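Residue-level listing of the chains:
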Amino acid sequence: MSVLLSVQNLTKRFGGLVANNDISFDLKRGEILSVIGPNGAGKSTLFKLIGGFIKPTAGKVIFEGEDITGLPPHVIAERGIVRTFQETTIFKEMTALQNVVVAHHLQCHATTWGIFFNSRRAREDEARFRDNAAEILEFLGLSKVLDEPAGSLPHGYLRALGIAMGMAANPTVLLLDEPYAGMNPEETDQAVELTRKLVQRGITVILVEHDMRAVMRISDRIVVICFGSKIAEGRPEEIQSNETVIEAYLGREDAALGV
Amino acid sequence: MTPKYLRLATVAVALLVFFAIIPLAFSASPYVLNVLTNALILSVIASGVWLTFAIGRINIAQGAFAMIGGYATAILSTRYGVSFWLCLPLSGLVAAAVGVVIGWPVLRLRGVYFSMISLSITEAVRLAFLNGGEFTRGASGIINIPRPDAISIFGITLVPEFDGTSPLPYYYLAVLILTLTLLSLWRIANSRLGWTFRSMRMNEELAASIGVNVAKYRVIAFAICCFIGGVGGSFFAAFQQNIYPATYTVNDSIFAMLYCFLGGLDYIAGPMVGAFLLVISFELLHPLQQYQPLIYALLMIGFMLWLPNGILSLPLFERWMADTAPRPEEGGRAEPAGAVSKVSSTGRSGA
Amino acid sequence: MTQMIVNGLVLGTLYALIALGLTLIFSIMRVVNFAHGQMYMLGGFVVYYLNVVFGLNYFLALLGAIVTVGLVGVLFEVFLFRRVMRIAKREENTMLLAMGTALLLESLAYVVFGEKQRGVPPIVDGVLEIGDAFLPLSRLLVMALSAVMIVALLLFVQYTRPGRAMRAVAQDKEVTYLQGVNIKRIGMLGFFLGAALAGAAGGLLVTVFAVNAGIGTAISVKAFLMVMIGGAGVTAGAILGAFALGFAEAIGYEVFPGSITYLLIFIGIIVFLLIRPQGIMGRTA
C-alpha cells in the first residue's frame, strides 16, 4: 500500500501550551487509521492542523506527494481531504437533502455567472447533485428523513448526515471526528459497519475516537497521542499490549482498552 | 393555487400596479409619486443589506455605500460631464470596488465585531467626504447635479430627457431599478449561490470543510450589496440633485437594516415590504413626523419582542410562503440544547 | 510633546471608563450595548440638570447620573433583553434590539432635552504646569475620579462574590449555571454596572466636553473602536484600547487639522484588524 498522507513533525503551540508536539505518522491508501488518546491529548488539534483550520507552528503535512501545510481548508478539501465534525455540526435550517446537495460544492461545473443565469450546466449540476445526494443518504440509511429539517433530527442521524456531507465532497481521505461518541453498542455496531463500507467505496479513513472497543475492532493501525506527543503506533493488538499506552490509560486499562 | 403560483400571480399584479395603475392614478400628483419613488429606492438600498444578512453579517454600513455611489455620480456628472446613464452603473461599480477593498479584511470578523466595524465604516466614509477638500467640496457638498439626459440611438429617442416638470420619469426608473434588484436577488436566493450563502450563515467552518471558499463568497455577497447601495445612492443624487456628507448617517444604515427586519429576513420581498410600510405610514402620519426616530425605535423594539421574524412571517402570508425553506421550531435556540448534550456526552465517555 | 502625553493620559483614562462598561456587558451577556453612547449622553444631561439647573452639588449630581443610567440599564435588561434573548433564533435579534434602545434613548433625548449643547462648568479652577504642558486641575480631578472608579470596578470584579460570579458567567455560562449561580441576577448586575459606567463617564466628561442629544453614536463608535483594538470582553484589553485611542487622538489633533484624525484612525483600525481580527488581547474565535 502506498503512502497517501504523511504527517511530519507536526507541532502546534498555543502561547505556552504545546497542543501537538512533533507528531509524525503515515497514512496508507485504503486503510483505516485511528488516532486515540486521553481527553485533551491534542487529537482535535491534530485534525484541525491536517484540515487546514489552524496553521502549525512547525512541521509539514504531505498529501499525494505535495506539501499542503497551511493551505486554507477549502483548498485542502479540494485536494481531497475532507473533515467531519464532532457532535451536531450541520446546516440546521436546511433539510437533510439540502445539506448534502450543498456539500457537493466542489463538484460544481457551472461558473458563478452560469449559476446566476441558470445555465444548462447549472441545471445539470443541480440534477446530478440531487440524485447523488439521495443515493448517499440511502447508502447511509437516511432516505426516510430526506426532507426533514436537519435541526430536528435525532443524534445518531445527525452524525450519519455529517458523514454524508463529507462523502458528497468526494474525498480521498475522510477525517472522522469521534464518529461513535455517545452511541449505544448497537448503534456503534452499525456505525462501524458503515465505516467499513466507506473504505469499500475507496475512501481512506482517519478517525479520532474515545470508544476503544470500536477502535480496536475497526482500525488497521492506531496512533496513540498523549499530552500532545505520539507515544505509540501500530496494529490494534500491538497497541493493546504496549506498556506506554497502558501507562497512559493507567487505572482503567481493562475497560478502556477492551482487553 | 399552490404557493408558487400564488407568488407568481402576486408579482404579476404588483408589476401591473407599479408600472400602469399607479402612474395613471397619480400622474397629477407629484407628491405621491415622489413619496413612492423614495420608498422604491429605499427598498433597493435595503435589499442590498438583505444579502449580507443572508451570509450572516449584520451590515450597518449601507449608508456609506449609498453615499459613495451618490458622490461618484455627483463628481462624474458635474466635473467630467458623464451622462447619468453611465454614472448609474459606474457608481454601483465604484461602491462595489470600495466594498471589496474594505470588505476583504473586515468580513473576516463575525457577529458583533462585524457590526461594530461596519457602523464605524459609515462614520469613516462620512469623514472621508467631509475632508475630501476640493474633490468632494467638504461640508458644502455638491449641488446642481444634472438630471438624467435623453438616450437616443440613431436619432431615435428611447428615453426622453428628465426635464423636472413631472416626477413620473424618476418614478418609472425607480420601479425599473427595484424590479431588476429583486429579480437578481430572487435568482441568487433560488440558485446554488443562495444555498452557499445560507450555508455560510449557518456555519462558516462547516462550509469551508466542504470546499467553499468562504472568503471569496462573502466578498461576492458584500460587493453585490455595495453595488446595489451605490446604485441607490446614484439615483438619489440625480433625484435630489445634491449630496452632502450629512446626506447619509449611521441612522440611514440602521434604517436600511430595519426595513429588512420589519419585512422579514427570510423573504426577498422583506426589505421592500418594510420600506414601503414605514415610508408610506409616515407620510400618512405627517403630524408625527418630528417623532419619526422615536416611533422607529419603538417599532424596532416592539418587533424584536413580538414579531422577530417580520411581517411576512404572519399567518396571513402563510399561503404565499408555505413551501419556502424549512425553519426550526419557534424559539428553538440551538445552543442550550447543544450545551446540555455536550455535558452529558462527556459524562458518558468519562464513566 | 509633553502636552500630547498629558492629553493622551487624560483621554485614555476617561475612555477606559467608557470601554469598560461596554466590555463588561459584552462579556457577561454576549450583547453589544449599542446604546452605550446614548447612556453616556444621558449621564451628561442628568448631571447638567441636577448641577446647573437645580443647583445640586456636582458630586451628588454625578451620583444621581450613575444611579439613573444604571437603572435604565436594568430596565432594558429585565423588560427587553431577557425576553428577546430567550426567543431569538438569531444573534441579529438582540443586536437590533440594542440598536432600538439606542435610537429610543436618542430620540427621547431630542424630545426632552432639545437640540442644544449643554456643558457643566469646571468643578475646580486652576491649571497645573508640567514642564511646558498645561493640565487644568478640573481635568486632573475628572481623570482621578475615573481612575478611582476603574480601580473600584476591578477590585469588585476580582474580590467580591458577585464579581467572581460575573467572571464565571463570562467564562462559561452553562457551567456557572449548573453550579447554581443565579444567571438572571448576574445579568442584571452586569447591565447595571455597564450602564452606570457609561453614565459616570458622561457625568464626568460633561465638565470637559459639552453634550447634546445626538452625541451618542459618536461615543458608541469610539467605544467600539477601543473594544476592537483591545479585544471584546477582555477587561485589560478595554483599558489598553482606551489608551491607544486616547493617545492616537491626542497626537492626531496636535498634528492634523479637524476630523482627518478620525479618518486616519478608522483606516488604521481596518488595517489593524486585517492583521489581528480578534484585537490585541482577544481570544481567537
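Residues numbered from 1 in each chain as written. Chains lettered and ligands numbered in written order. Predicted model: local features only at pLDDT ≥ 70, side-chain atom pairs only at ≥ 80, totals over all residues.

Caption draft 1: Focus on the overall build of chain A. Per the secondary structure count, chain A includes eleven helices and ten strands. Rg of the C-alpha trace for chain A: 19 Å, near the compact-globule value of 18 Å for 259 residues, within the 12% margin. In terms of overall dimensions, chain A has C-alpha extents of about 60 × 40 × 35 Å along its principal axes. By sequence separation, contacts in chain A at least 24 residues apart represent 66% of the contacts at least 6 residues apart. (Helix = DSSP H or I, 4+ residues; strand = E, 2+ residues; numbered from the N terminus. Rg over C-alpha atoms; globule rule 2.2 N^0.38 Å. Contact = placed C-beta atoms within 7 Å.)

Caption draft 2: Quick look at the overall build of chain C. For chain C, the helix and strand inventory stands at eleven helices and two strands. Listing every helix and strand of chain C by position from the N terminus yields α-α-α-α-β-β-α-α-α-α-α-α-α. Relative to the compact-globule value of 19 Å for 285 residues, chain C shows a C-alpha radius of gyration of 19 Å, a close match. Counting only C-alpha atoms, chain C reaches 60 × 50 × 35 Å along its principal axes. A burial count over chain C gives 54% of its 285 residues as buried. Nonlocal contacts in chain C, meaning residues at least 24 apart in sequence, comprise 76% of its contacts between residues at least 6 apart. (Buried ≥ 20, exposed ≤ 12 C-beta atoms within 10 Å, placed from the backbone.)

Caption draft 3: Here's a closer look at the interface of chain B and chain A. Each side of the interface is counted separately: chain B has 30 residues, and chain A has 36 residues. Listed by contribution, the elements that provide at least two residues to the side of chain B that touches chain A are α6 (168–190), α7 (192–202), α8 (204–209) and α14 (334–350) of chain B. Class assignment of the residues belonging to the side of chain B that touches chain A gives a composition of 13 nonpolar, ten polar and seven charged. (Nonpolar A, V, L, I, M, F, W, Y, C, P; charged D, E, K, R; others polar.)

Caption draft 4: Inspection of the interface of chain B and chain C at higher detail. Across the boundary between the two partners, chain B contributes 40 residues, which contact 39 residues of chain C. Of all the secondary-structure elements, those providing two or more residues to the side of chain B that touches chain C are α4 (84–106), α5 (111–130), α10 (250–263) and α12 (292–306) of chain B. Tallied by class, residues from the side of chain B that touches chain C come to 30 nonpolar, six polar and four charged.

Caption draft 5: Highlighting the environment of Ser27 of chain B. Turning to its location among the elements, Ser27 of chain B is positioned in the loop between α1 (3–26) and α2 (30–54). Between the C-alpha atoms of Ser27 of chain B and Ile151 of chain B, which are 124 residues apart in sequence, the distance is 23 Å.

Caption draft 6: Broad picture of the nonpolar core. Of all hydrophobic cores here, the largest spans 300 residues; its most connected members are Val100 and Ala164 of chain A together with Ala19 of chain C. When residues no more than four places from it in sequence are discounted, the contact partners of Ala19 of chain C are Ala223, Met226, Val227, Ala238, Gly241 and Ala242 of chain C. (Core = buried A, V, L, I, M, F, W, Y, C linked by C-beta atoms within 7 Å.)

Caption draft 7: Representation of unusual backbone geometry in the model. The residue Asp22 of chain A is not glycine, and still its phi comes out positive at about 55 degrees. Mapped onto the elements, Asp22 of chain A comes out in strand β2 (residues 17–28). Residue Asp22 of chain A is classed as partly exposed on the basis of its 14 C-beta neighbours within 10 Å. For Arg137 of chain B, which is not a glycine, the phi torsion comes out positive at approximately 60 degrees.

Caption draft 8: Looking closely at the environment of Trp85 of chain B. Residue and element names in this part refer to chain B. In this structure, Trp85 sits in helix α4. Sequence spacing of Trp85 and Gly48 is 37 residues, and the spatial spacing of their C-alpha atoms is 21 Å. In contact with Trp85, other than residues within four places in its own chain, are Pro148 and Ile151.

Caption draft 9: Summary view of the arrangement of the chains. When the two pairs of chains in contact are ranked by number of contacts, first place goes to chains B and C. Regarding chain A and chain C, the two do not touch, and the least distance separating their C-alpha atoms is 10 Å.

Caption draft 10: View of the pairing of strand β1 (residues 127–130) of chain C. Sheet analysis places β1 of chain C next to strand β2 (residues 133–136) of chain C, joined by four bridges and oriented antiparallel. Its bridge partner lying in β2 of chain C, Val127 of chain C is registered against Pro136 of chain C. (Pairing = 2+ DSSP bridges.)

Caption draft 11: Main features of the confidence of the model for chain C. When pLDDT is averaged along chain C, the result is 88, and 99% of the positions lie at 70 or above. Of all secondary-structure elements in chain C, the lowest mean pLDDT belongs to helix α7 (residues 173–178) of chain C, at 72, while helix α2 (residues 36–53) of chain C reaches the highest, 95. (pLDDT = per-residue confidence, 0-100.)

Caption draft 12: Looking closely at the packing of helix α3 (residues 58–87) of chain C against helix α8 (residues 183–205) of chain C. All names here are of chain C. α8 packs onto α3 with a crossing angle of 145 degrees between their chain directions and a minimal axis gap of 7 Å. Crossing angle aside, the handedness with which α3 passes α8 is right-handed. Split by residue class, the contact of α3 with α8 holds 16 nonpolar, eight polar and one charged. (Axes fitted to C-alpha atoms, helices over the stretch in contact; angles between N-to-C directions. Left-handed = near helix turned anticlockwise from the far one by under 90°.)

Caption draft 13: Local environment of the pairing of strand β4 (residues 58–63) of chain A. Residue and element names in this part refer to chain A. Two elements, strand β1 (residues 3–14) and β4, share five bridges in a ladder whose sense is antiparallel. The partner of Val7 across the bridge, within β4, is Val61. In this structure, β4 lies alongside strand β5 (residues 66–67), joined through two bridges in antiparallel fashion. Looking at β5, one finds that Ile62 is bridged to Asp67. If you look at the hairpin formed by β4 and β5, you'll find two residues sitting between the two strands, and Glu64 has a positive phi there, around 50 degrees.

Caption draft 14: Main features of the confidence of the model for chain A. Mean pLDDT over chain A works out to 86, with 95% of the residues at or above the 70 mark. For chain A, the element scoring lowest by mean pLDDT is helix α11 (residues 253–257) of chain A, at 49; helix α2 (residues 73–79) of chain A scores highest, at 93.

Caption draft 15: Broad picture of the environment of Leu71 of chain C. You can see Leu71 of chain C is positioned in helix α3. Separated by 93 residues in sequence, Leu71 of chain C and Arg164 of chain C have C-alpha atoms that sit 22 Å apart.

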